[in-house]
Amino acid sequence: MRKQWGVAPDAIVAGFVGRFTPQKDPVRFSEALSMARDRVPNLVGVMMGDGELRAAIETAGDAEALRMPGWVDARVALSGLDMLVMTSRYEAMPYSLLEALSAGLPILSTEVGGVDETVIDGENGRRFANTASSAEIANVLVAAASDRQQLTRWGAVSRERASRYTIENMTNQTEAIYRRAIERRAAKILLTN
């Protein structure tokens, strides 16, 4: 993937996956990457997706540091990243987090839905306020990109955490919820008869 993106072997690659919309706030990612690159010159950003904010992203950041391959199969493309960065303003449980865990990637993310379950701050990544400025996110990026051993440790924890989110586990948990609901409903019917 790195070769396809034209990324040097020694680069540290921070990825963004999602629609280029205000909800995902990709402009903030682009700005933060540009600021972080002043301190980590081999930092490169890969933004997978597209949308209405594409032009704003291109003008907000450092064009030399940014790759925008469009919509790609993130499950394959994640192999080219050193970390996933999510700058969303709000979410439920984004698939990109689950895919990053499965790929064994450290995750740097705003504190939005699903993040508290998938990212343990300091263990497999960093969480920051969803109101964080681009400069604050840049500081988080610099700290993460400056310690490759830490990225490796965080990636291993992410891969371990991924085992909690298999299709089988999620199906079993959903089925258990339905069974409990049916049992409660049946109990209420018996009590009223």
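Structure shown above.
Not measured: the values here are computed from a predicted model.

Engineer: With reference to specific residues and values, describe a positive patch on the surface.
Structural biologist: Taken together, the side chains of Arg180, Arg184, Arg185 and Lys188 present a region of like positive charge at the surface. Residue placement: arginine 184 occurs in helix α9 (residues 167–192). You can call arginine 184 exposed: its relative accessible area is 56%.

Engineer: Could you give an account of the pairing of strand β5 (residues 107–110), naming the residues involved and the relevant values?
Structural biologist: Alternating positions in β5 separate into two faces, Ile107 and Ser109 on one and Leu108 and Thr110 on the other, with burial throughout. Two strands pair when backbone bridges link them, and strand β4 (residues 83–86) and β5 are joined in this way by three bridges, in the parallel orientation. When the sheet's bridge partners are listed, methionine 86 is paired in β5 with serine 109. For the segment spanning β4, helix α5 (residues 95–102) and β5, crossover handedness is right-handed. Here four bridges tie β5 to strand β6 (residues 125–128), and the two strands are oriented parallel to one another. Each residue of the ladder has a partner; that of serine 109, found in β6, is arginine 127.

Engineer: Now, about the packing of aromatic side chains: what can you tell me, with residues and values included?
Structural biologist: If you walk through the whole model with that rule in mind, you get two aromatic pairs. Among the aromatic side chains, those forming a connected cluster through ring pairs are Phe16, Phe20 and Phe29.

Engineer: Can you lay out the environment of isoleucine 12 for me, pointing to particular residues and giving the numbers?
Structural biologist: Its location among the elements puts isoleucine 12 in strand β1 (residues 12–17). Taking relative accessible area as the criterion, isoleucine 12 reaches 3% and is therefore assigned buried. The spacing of isoleucine 12 and valine 44 is 32 residues in sequence and 6.1 Å in space, taken between C-alpha atoms. Ignoring any residue separated from it by four or fewer positions in sequence, one finds isoleucine 12 in contact with Val40, Asn42, Leu43, Val44, Asp82, Met83, Ala145, Arg148 and Leu151.

Engineer: How would you sum up the layout of surface pockets? Please name residues and give values.
Structural biologist: Each pocket or cavity is described by its volume, and for the largest pocket that value is around 300 Å³. Looking at the largest pocket, it is lined by 19 residues, and the ones nearest its centre are Val17, Gly18, Arg19, Trp71 and Ser96. When residues of the lining of the largest pocket are traced back to their parent elements, those giving at least two are β1, β4 and α5. Looking at the lining of the largest pocket residue by residue, the class counts come to eleven nonpolar, four polar and four charged. Counted as a void, the second largest pocket has a volume near 200 Å³. Every residue lining the second largest pocket is listed: Tyr95, Leu98, Glu99, Leu101, Ser102, Ala162, Tyr165, Thr166, Ile167 and Met170. Residue assignment for the lining of the second largest pocket shows that the elements contributing at least two residues are α5 and α9. A per-element tally of the lining of the second largest pocket places α5 first, with five residues. Taken together, the residues of the lining of the second largest pocket break down into seven nonpolar, two polar and one charged.

Engineer: So what's going on with the nonpolar core? Which residues, and what values?
Structural biologist: Note on soluble globular proteins: their nonpolar side chains tend to be buried together. Of all hydrophobic cores here, the largest spans 31 residues; its most connected members are Leu43, Met47, Met83, Leu108 and Leu141. Among the secondary structure elements, those contributing two or more residues to this core are β1, α2 (26–37), β2 (43–48), β3 (66–70), β4, α7 (134–145) and α8 (148–162). Considering every element that reaches this core, the biggest residue donor is α7, with seven residues. Ala11, Val46, Leu81 and Met86 belong to the second largest nonpolar core, which has 25 residues in total.

Parameters at a glance
- Residues numbered from 1 in each chain as written.
- Predicted model: local features only at pLDDT ≥ 70, side-chain atom pairs only at ≥ 80, totals over all residues.
- Heavy atoms only, no water.
- Patch = residues over 30% accessible without salt bridge, like charges linked within 9 Å, V, L, I, M, F, W, Y side chains within 5 Å.
- Areas by Shrake-Rupley, 256 points an atom, 1.4 Å probe, with all protein chains shown as cover.
- Salt bridge = Lys/Arg side-chain N within 4 Å of Asp/Glu carboxyl O.
- Lys, Arg positive; Asp, Glu negative; His and termini not counted.
- Charge placed at Lys NZ, Arg CZ, Asp CG, Glu CD.
- Helix = DSSP H or I, 4+ residues; strand = E, 2+ residues; numbered from the N terminus.
- Buried < 20%, exposed > 50% of the residue type's maximum accessible area, 1.4 Å probe, protein only.
- Pairing = 2+ DSSP bridges.
- Right-handed = clockwise from strand over helix to strand, strands pointing away.
- Phe/Tyr/Trp six-rings, centres within 6.5 Å; stacked < 30°, edge-to-face > 60°.
- Contact = heavy atoms within 4.5 Å.
- 1 Å grid on protein atoms, 1.4 Å probe; cavity = no way out; pocket = protein on both sides within 12 Å on 5 of 7 lines; lining within 4 Å.
- Points joined across faces, edges and corners; volume = space filled by probe spheres on them.
- Nonpolar A, V, L, I, M, F, W, Y, C, P; charged D, E, K, R; others polar.
- Core = buried A, V, L, I, M, F, W, Y, C linked by side-chain atoms within 4.5 Å.

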